[in-house]
Amino acid sequence: MVAAVRVHKHGGPEVLTYEDVQVPAPGPGQARVKNHACGLNYIDTYFRSGLYPAAGGLPFVSGNEGAGEVVAVGPGVTDVKVGDRVGYTSALGSYAAERIMPADRLVKLPDNISYQQAAGMMLKGMTVEYLLHRTFKVQKGMNVLIHAAAGGIGLIACQWANYLGANVIGTVSSQSKADLAKANGCHHAIVGYEDFPAKVKEITDGKLCEVVYDGVGKATFPASLDCIKPLGLFASFGNASGSIEAFNINILQTKGSLFCTRPTLNTYAAKREDLLSIANNLFSVVGSGKVKIPVNQTYALKDVRKAHEDLEARKTTGSTVLVP
Ligand SMILES: NC(=O)c1ccc[n+]([C@@H]2O[C@H](COP(=O)([O-])OP(=O)(O)OC[C@H]3O[C@@H](n4cnc5c(N)ncnc54)[C@H](OP(=O)(O)O)[C@@H]3O)[C@@H](O)[C@H]2O)c1
């Protein structure tokens, strides 16, 4: 038996239950991973609340991101071996001391990437990689708006977009978060979500942005569309404030023939070659120091309820790691 956090019924942080679970021996194509660190992500709250259904139904072990050591492999596994240091993302069940993983979803960690860093970036940093390089190619001189700029995704995205030469504009809810975002590559931090389109217009001399990256959702829609120049892209990648409700698609025409996408890392990293390519690009920018992974909160796994409360109360910044 190993310690894990399970959800038996949907609800608030109180439904997260720290208990012992059985972990079977790995079957064909599987590996058993001893987690050294688990990542905390906003998506974990969606599975906990029931906004996103868990594929296997209830109960399920929570968490989607982790890093650790391979301690056993099943028949036919060639991608990893016992003793390998690995990271993984987008695989429900990471809030546990040990877990079973499909071996072909594991990524070997370079020596210069720690377990803490990996747990703080496999989901968030890989998401930033595809958002800035694949959903839209951010280039030098472009105006880019990143909502929740001091969050887990936000701090990584600000640094990376800055490194690519973009003019980085961010929104945050407080001055201290604005200061943090600025220290992480955000050129212009807008405090508050009330009238951000007017501020974006002012900052860009009326030119507006080539792309808006929006993980906030309901609270920033449709205002985000007023920040985008004609033929620009609205990338809605999350719902921290709630899901965007149904809207008339004609609004994209009236705002300047805009493009709109609702991407997920699951699609971009579905093939193993893409999983490895996205991860290697991330390891490269982090390994070279161009992008840092700020792990600003660490909790013991047993304190997971507090971690979820703090995340949803907007008390966390950057990445958060749970230690089994
Ligand atoms: N599609 C994908 O592939 C993908 C992958 C990973 C994550 N995501 C999404 O990316 C977003 C960020 O994820 P994260 O894990 O890095 O979280 P996070 O940004 O660290 O936390 C969410 C932030 O959203 C802001 N926010 C605005 N309105 C809020 C509200 N009503 N309630 C709570 N927070 C609010 C807060 O920052 P302020 O206080 O500054 O407003 C808060 O810190 C989430 O929407 C997540 O679902 C998507």
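Values in this document were obtained by computation on a predicted structure and should not be read as measured data. Within any chain, residue numbers begin from 1 and follow the written order of that chain's sequence. Side-chain atom pairs in this predicted model are given and counted only at pLDDT of 80 or more, local residue features only at pLDDT of at least 70, and totals for whole chains, interfaces and linings cover all residues.

Enquirer: So, the sheet that holds strand E2 (residues 16-21): which residues are in play, and what are the values?
Expert: At least two DSSP bridges between two strands are required for those strands to pair. Here a helix means four or more residues in a row that DSSP labels H or I, a strand means two or more in a row labelled E, and each is numbered from the N terminus. Strand order in the open sheet formed by three strands is E2-E1-E4, and the pairing between neighbours is antiparallel. Of all strands in the sheet, those bounded by a partner on one side alone are E2 and strand E4 (60-61). The sheet contact formed by strand E1 (residues 2-7) and E2 spans six bridges and is antiparallel. Following the sheet pairing, Val5 is matched in E2 by Tyr18.

Enquirer: How would you sum up the sheet that holds strand E13 (residues 228-236)? Please name residues and give values.
Expert: What the six strands build is an open sheet, ordered E11-E10-E9-E12-E13-E14; its pairing is parallel. The two strands at the open ends of the sheet, each matched to only one other strand, are strand E11 (188-191) and strand E14 (259-261). When the angles between neighbouring strand axes are averaged without regard to direction, this sheet yields 15 degrees. By the bridge criterion, three bridges tie E13 to E14 in an arrangement that is parallel. Looking across to E14, one finds that Phe234 is bridged to Cys260. Helix axes are fitted only over the stretch in contact, all axes being lines through C-alpha atoms; the angle between N-to-C directions runs from 0 to 180 degrees.

Enquirer: Tell me what's going on with the site of the ligand, and back it up with residues and numbers.
Expert: Any residue whose C-beta atom, as set from the backbone, lies within 6 Å of a molecule or strand is reported as near that molecule or strand. Around the ligand, 29 residues are found, and the nearest of them are Gly151, Gly152, Ser173, Gly215 and Gly238. Taken together, the elements giving at least two residues each to the shell around the ligand come down to helix H1 (42-49), helix H3 (124-135) and helix H4 (152-163). The element best represented in the shell around the ligand is H4, accounting for three residues. Residue classes follow a fixed rule: Ala, Val, Leu, Ile, Met, Phe, Trp, Tyr, Cys and Pro count as nonpolar, while Asp, Glu, Lys and Arg count as charged, and any other residue, Gly among them, counts as polar. Residue composition of the shell around the ligand, grouped by class: 13 nonpolar, 12 polar and four charged. These domain boundaries are the output of an automatic or database domain assignment. Here the shell around the ligand spans two domains, and each of domain 1 (2-120 + 293-323) and domain 2 (124-265) adds at least three residues to it.

Enquirer: Let's hear about the nonpolar core: which residues, and what values?
Expert: The term nonpolar core refers to a group of buried residues, namely Ala, Val, Leu, Ile, Met, Phe, Trp, Tyr and Cys, whose C-beta atoms join them within 7 Å. Residue burial here comes from a neighbour count, namely the number of other C-beta atoms, placed from the backbone, that lie within 10 Å of the residue's own C-beta, with 20 or more meaning buried, 12 or fewer meaning exposed, and in between meaning partly exposed. Residues Val144, Ala157, Ala161, Ala181 and Cys209 are the most contacted members of the largest nonpolar core, which totals 96 residues. In terms of residues, this core owes the most to one element, H4, which gives seven residues. Two domains each put at least three residues into this core: domain 1 (2-120 + 293-323) and domain 2 (124-265). What counts as a contact here is a pair of residues whose C-beta atoms, placed from the backbone, lie within 7 Å. Beyond its immediate stretch of four places on either side in the chain, Ala161 contacts Leu132, Val138, Val144, Ile146, Ala166, Val168 and Gly185.

Enquirer: Now, about helix H9 (residues 272-287): what can you tell me, with residues and values included?
Expert: Between the first and last residue of a helix there are one fewer steps than residues, each counted as 1.5 Å, and that sum is the expected span. Look at H9: 22 Å from first C-alpha to last across 16 residues, which is about the 22 Å you get at 1.5 Å a residue. At its buried positions, H9 is contacted by strand E8 (107-108), helix H2 (115-119), H3 and helix H8 (265-268). Directly after H9, the chain includes Gly289, whose backbone phi takes a positive value near 85 degrees.

Enquirer: A description of unusual backbone geometry should follow, citing residues and the corresponding values.
Expert: Here the amide bond leading from Leu58 into Pro59 is cis, since omega sits at -10 degrees, within 30 degrees of zero. Looking at the secondary structure, you find Pro59 in the loop between H1 and E4. Following Phe221, the chain continues to Pro222 via a peptide bond in cis, the omega torsion being 5 degrees. Mapped onto the elements of the fold, Pro222 is located in the loop between strand E12 (209-214) and E13. You will see that Ser90, though not glycine, has its phi angle at about 55 degrees, which is positive. Tracing the backbone shows Ser90 in the loop between strand E6 (85-89) and strand E7 (98-102). Classification of Ser90 as buried rests on a count of 20 C-beta atoms within 10 Å. Unlike most non-glycine residues, Leu231 shows phi in positive territory, near 70 degrees. Considering the arrangement of structural elements, one finds Leu231 in strand E13.

Enquirer: Describe the domain arrangement of the chain, listing the residues and the values that go with them.
Expert: Examined at the domain level, the chain breaks down into domain 1 (2-120 + 293-323) and domain 2 (124-265). If you look at the interface, domain 1 gives 11 residues, while domain 2 gives 15 residues. Counted by class, the side of domain 1 that touches domain 2 contains three nonpolar, seven polar and one charged residues.

Enquirer: Got a sec to walk through the packing of H1 against helix H10 (residues 304-312)? Specific residues and values, please.
Expert: Running from N to C, H1 and H10 point in directions that differ by 110 degrees, and their axes come no closer than 10 Å. Classified by the interaxial angle, the pair formed by H1 and H10 is roughly perpendicular. Residues Tyr42, Thr45 and Arg48 of H1 touch H10, and the partners they reach there are His308, Leu311 and Glu312. Of the residues that constitute the contact of H1 with H10, the class distribution is two nonpolar, two polar and two charged. Each angle is binned into one of four classes, with values under 35 degrees roughly parallel, values over 145 roughly antiparallel, values of 65 to 115 roughly perpendicular, and all other values oblique.

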